[in-house]
Amino acid sequence: MPRTEHTSRRTRRLMGAVAFTAVLIGTAVTVPAAHAATPQVTVDLGRSTGAVMHGANGTLYGLSDDGVPGDELVAPLHMTTVIQKAPDGAQHPNGDALAVKAGYDRNGGGEVHIYMQDVYAQWPYENLGLSDYLAKVDTMVRKVAARPDSGDFVWVPFNEPDGNWYPGLGSSDSTKYTNALNSFRSDWTTVYRKIRSIIPDARIAGPNETRYDGRLMDDFYPWAKANGVLPDVTTWHELGPGSLSDFESHLAAYRTIEKKAGIAELPVSINEYGNRRDQSVPGQMIQWMSMFERNKVYADQAYWNIAGNLNDNAAQTNIPNGTWWLLRWYAGLTGNTVELTPPQRNVVDTVQGIASLDSGRRQAQVLLGGASGTVDTVIRNVPKSFGTKVNVTVERTGWSGYEGAAAAPGVVSRTTASVAANGTVTVPLTGLDAMSAYRVTVNPAGSSAPAAASLPWSASYEAESAAITGGTVYSQGSLSNPYGFATSGTKDVGSLNQPTSKVAFTVDVPKTGAYDLKVFYGNQSGGPATQTLTVDGGSPRTLTYGSTLNWTYRATASVPVSLTAGRHTLTLAKGVNEVTLDKIEVTSSTPPDAVYPAAYADISGSPSYDYAAEGVSGAGALVLDTHDKAAFDVYAPADGYYTMHADYASTGDGTLSLDGATAVTLPATQGRVTDHTVRLYLSAGNNRVTAAVPGKGSVSLRDLRVTGAAGTEGVTTYEAESASLAGTAAASANSWASGGKFVGYVGKGAGNTLTFQVNAPKAGRYVMNVRYTNNELAGSGNYNTNVVSRAADITVNGTAQRVMFRNSYSWSNFWDLPVPVTLKAGTNTVSFGNPAAYTPDIDKVTVAPLNG
């Protein structure tokens, strides 16, 4: 575990400025002497570096409960490792290894590493003697040994021994070091043998120090081999920004120790990595992930803040932020990684990347980011199977804050490019944003050019550079302050707590029209907050900000504004409670339709690819037969009905499934290309839509498209205070609740229930959105905020399911959680309860048929 004069200077970022041009590398290029050569990321598709490992997608306490985070965010990431607390451990209120296992397995998870010392409540761990620890070890290992999946677990006996029970391991005093080493060796041996006495083939990981310590490793590994207590997995932490420059030397030094001791190479797991300023920032995380993937080691993001949000990458239970999409890209790499040479290797905060080639899929991908400016992505040795022309798509995922919802990555460009005679294509990227990450995808070109694409116009303006009244500029996370929270420009404006406090931004827009104003903020006031927005001193509007984890834990709030071409003053003045302001973004509100190419989908089975097929994306078609499936991650900005288009041709029926039920039938087209449309209810955040062929024939699927704004026709609302309350359940007033009331004190007794009578026009699958609030805490550790998820047993016509509700940071901060339910035609009885503990407070539920 890691420890924890005002001018209107504009900071403008043109989101749509990244351009694509195909360049023949064999052509001579003259660079003027006055200008430095453009930095290059070179990708050699002819030099494989091994199978894609996906090792860097691990998480420490990123899962807190079964369902937190939601399946819609966990399943697409294909996580290889998670690290959780010991069964029934007291270190944190959630994150029990056994409690999260069912959900992890349900979503295709890999190993579960158990931090055994997290059985203790205090940090640093209370040391009650080895006999006390051994008794706890015996209990937890036997509990796992009784399970049929005991082989999925890896045991970590000691966490940061150099910082906990054996601090002398880090001492420069040779006597203190030797004494601590002897003590650690003895206790390691005892615990190691205790684990193996219960599970003889148990996998054990260590030594797990706070940082790479060559002295300790050199003294530990030869001894461990000689004494038969060698770890099966080697672990240590890489937390400081220096790790980005030093990790490879650490790994090389460790491999030398192994070789010298005659130890076959062991798997390495960097089971805590990254800092607060890195997490949630795509441009930072790509630097770490590329380093670990390149070296084929496993790695888990550090647990700095709260459990259950994928280490600051899940804005809400099913709502992703910007870095989640980078993790999704990473999970989508298939085939082999190939050699990628960045402009500077092992240099902090520079462009880094990962590249892959799937020869069978005829698809190459490059993920990169980490610096601003311009870089040429030079892709060499494009396989002849791709043909002489290729489709090149460039996408961007930006920083949305820790808790700002992020739409699916924007498509910067789709272009058909010629491959040079020497097998090379160059993709120049200009106007890069250091906090963003980018994906370049290359596949064979079709017979016609893909539809043009570009990001909508956008510009950002820093709060610290605006005109500030009654506020203070603070410095936040940066290279020199890595433990500070990520902040655009490394500064924000806080202490906006005076009646006259305001921040006035001067903005320029290129044309008259509708724009979206997005505010990056923090709110630790204890409840929702408001500010008054005025444009050029005009009529005031109220902008509401939900609660966040703390003042610097960024979320976003958006509001539409109408602006004429030219310069304007946008003023945010204090309203109810207080917020901190980081920056604003002003974006044209006419983005293109969301397009999801089938060729980029998450596949199972063995579908084939038809790149001659024409489609909007130019990425060709995915041909599905029986037993093949393709999963799309479809984003919705708000709950409601959207029009979904399926562009396909087929010789048999296909289906699109959502929330575990068939939502759409794609009728056979006798081979004709069809644009099939359906009105489908999507929940805010990510929606996993799966295409399949249930019977005979095949479906050649080109793209899924989502168009239009969220519609609510057909959605029925039921206020909690109007439902049936039993036992202690009681309605209370809250101005932030729908209708001004909510229902609390449900649960903690079998008779304390809340029951709705829900009418369904027909039998089938529905989405029930539960609007709730929950701010239960279980104290705070050294640096973690121990938020608690509350459980509700939701019973529909006698059939119950347990649903976990993530903490929403305030008893007045209401969030929505979609719960799929199956209803019969007519009246349905839906009740909430929990005999053992209180459920979250309930504001209302809305019910909508899945297919509208």
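Just so we're clear, the structure is a prediction, and the values are computed from it rather than from any experiment. (Residues numbered from 1 in each chain as written. Predicted model: local features only at pLDDT ≥ 70, side-chain atom pairs only at ≥ 80, totals over all residues. Heavy atoms only, no water.)

## Re the overall build of the chain
- When helices and strands are counted, the chain shows 8 helices and 54 strands.
- Relative to the globule expectation of 29 Å for 852 residues, the C-alpha radius of gyration of the chain, 27 Å, shows essentially globular dimensions.
- The principal-axis extent of the C-alpha atoms belonging to the chain is close to 80 × 75 × 70 Å.
- Accessible surface, the chain as shown: approximately 29800 Å² in total, 50% of it carbon and sulfur.
- Within the chain, one finds 65 positive and 73 negative side-chain charges whose respective centroids are separated by 2 Å. (Helix = DSSP H or I, 4+ residues; strand = E, 2+ residues; numbered from the N terminus. Rg over C-alpha atoms; globule rule 2.2 N^0.38 Å. Areas by Shrake-Rupley, 256 points an atom, 1.4 Å probe, with all protein chains shown as cover. Lys, Arg positive; Asp, Glu negative; His and termini not counted. Charge placed at Lys NZ, Arg CZ, Asp CG, Glu CD.)

## Digging into the packing of aromatic side chains
- For the structure shown, the criterion picks out 40 aromatic pairs.
- Centroid distance Trp-304 to Tyr-483: 5.4 Å. Interplanar angle 50°. Geometry classified as tilted. Pair noted here: Trp-304 is in the loop between strand E9 (298–301) and strand E10 (314–316) and Tyr-483 is in the loop between strand E22 (472–475) and strand E23 (491–494), with a separation of 179 residues, a long-range link.
- On the basis of relative accessibility, which here comes to 1%, the residue Trp-304 falls in the buried class.
- Residue Tyr-483 is classed as partly exposed on the basis of its relative accessible area, which comes to 38%.
- It is Arg-215 that lies over the ring of Tyr-177; its NZ or CZ is 3.7 Å from the centre. (Phe/Tyr/Trp six-rings, centres within 6.5 Å; stacked < 30°, edge-to-face > 60°. Buried < 20%, exposed > 50% of the residue type's maximum accessible area, 1.4 Å probe, protein only. Lys NZ or Arg CZ within 6 Å of the ring centre and 35° of its normal.)

## Quick notes on the pairing of strand E13 (residues 352–358)
- Counting buried positions along E13 yields 7 of 7 residues, so the element is predominantly enclosed.
- Judged by which residues are buried, E13 turns out to be covered on both faces: Gln-352, Ile-354, Ser-356 and Asp-358 on one side and Gly-353, Ala-355 and Leu-357 on the other are all buried.
- Summarising the sheet, strand E12 (residues 336–341) and E13 pair through 2 bridges and their orientation is antiparallel. Across the sheet, residue Asn-336 finds its bridge partner in E13, namely Leu-357.
- Where E13 and strand E14 (residues 363–369) come together, 7 bridges link them in antiparallel fashion. When the bridges of E14 are listed, Gln-352 appears paired with Gly-369.
- Between E13 and E14, which pair antiparallel and follow one another directly, the connecting turn spans 4 residues, one of which, Arg-362, has a positive phi of 50°. (Pairing = 2+ DSSP bridges.)

## Brief notes about the nonpolar core
- Core analysis: the largest hydrophobic core is formed by 130 residues, its most contacted members being Trp-155, Phe-292 and Phe-632.
- Once residues lying within four places of it in the same chain are set aside, the contact partners of Phe-292 are Ala-56, Phe-247, Ile-270, Tyr-273, Val-297 and Ala-299.
- Of all hydrophobic cores here, the second largest spans 41 residues; its members include Val-746, Ala-760, Val-787 and Val-819. (Core = buried A, V, L, I, M, F, W, Y, C linked by side-chain atoms within 4.5 Å. Contact = heavy atoms within 4.5 Å.)

## Focus on the sheet that holds strand E29 (residues 566–574)
- With antiparallel pairing, the 5 strands of this open sheet are ordered in space as E21-E24-E29-E26-E27. Every other strand in the sheet has two partners, leaving strand E21 (467–469) and strand E27 (541–545) as the edge strands with one partner each. Strand-to-strand twist in this sheet, taken as the mean axis angle between neighbours without regard to direction, amounts to 25°.
- In terms of strand pairing, strand E26 (residues 529–535) meets E27 through 5 bridges, oriented antiparallel. Note on E27: the bridge partner recorded for Thr-532 is Thr-542. (Axes fitted to C-alpha atoms, helices over the stretch in contact; angles between N-to-C directions.)

## Quick notes on helix H5 (residues 214–226)
- The first and last C-alpha atoms of H5 sit 19 Å apart over 13 residues, in line with the 18 Å expected at 1.5 Å per residue.
- For H5, the full list of buried residues reads Leu-216, Met-217, Phe-220, Tyr-221, Trp-223 and Ala-224.
- In this structure, the buried residues of H5 make contact with helix H4 (174–198), strand E6 (203–209), strand E7 (233–238) and helix H6 (243–261).
- The residue sitting at the N-terminus of H5 and contributing the capping side-chain oxygen is Asp-213; that oxygen lies 3.1 Å from the backbone nitrogen of Arg-215. (Expected span 1.5 Å × (residues − 1). Polar contact = N/O pair within 3.5 Å; in protein donor to acceptor, adjacent residues only side chain to side chain.)

## Some details on unusual backbone geometry
- A cis amide bond, omega -5°, links Val-68 with the succeeding residue Pro-69.
- You can see Pro-69 is positioned in the loop between strand E2 (58–60) and helix H1 (71–74).
- In this chain, Trp-123 is followed by Pro-124 through a cis amide linkage whose omega measures -5°.
- For Pro-124, the position within the fold is in the loop between strand E4 (111–115) and helix H3 (130–145).
- Here Ser-495, not a glycine, exhibits a phi torsion of approximately 55°, which is positive.

## Side note on the side chain of Asp-138
- With respect to the helices and strands, the residue Asp-138 is situated in helix H3.
- With residues up to four places along the chain from it excluded, the contact list for Asp-138 reads Lys-194 and Ile-198.

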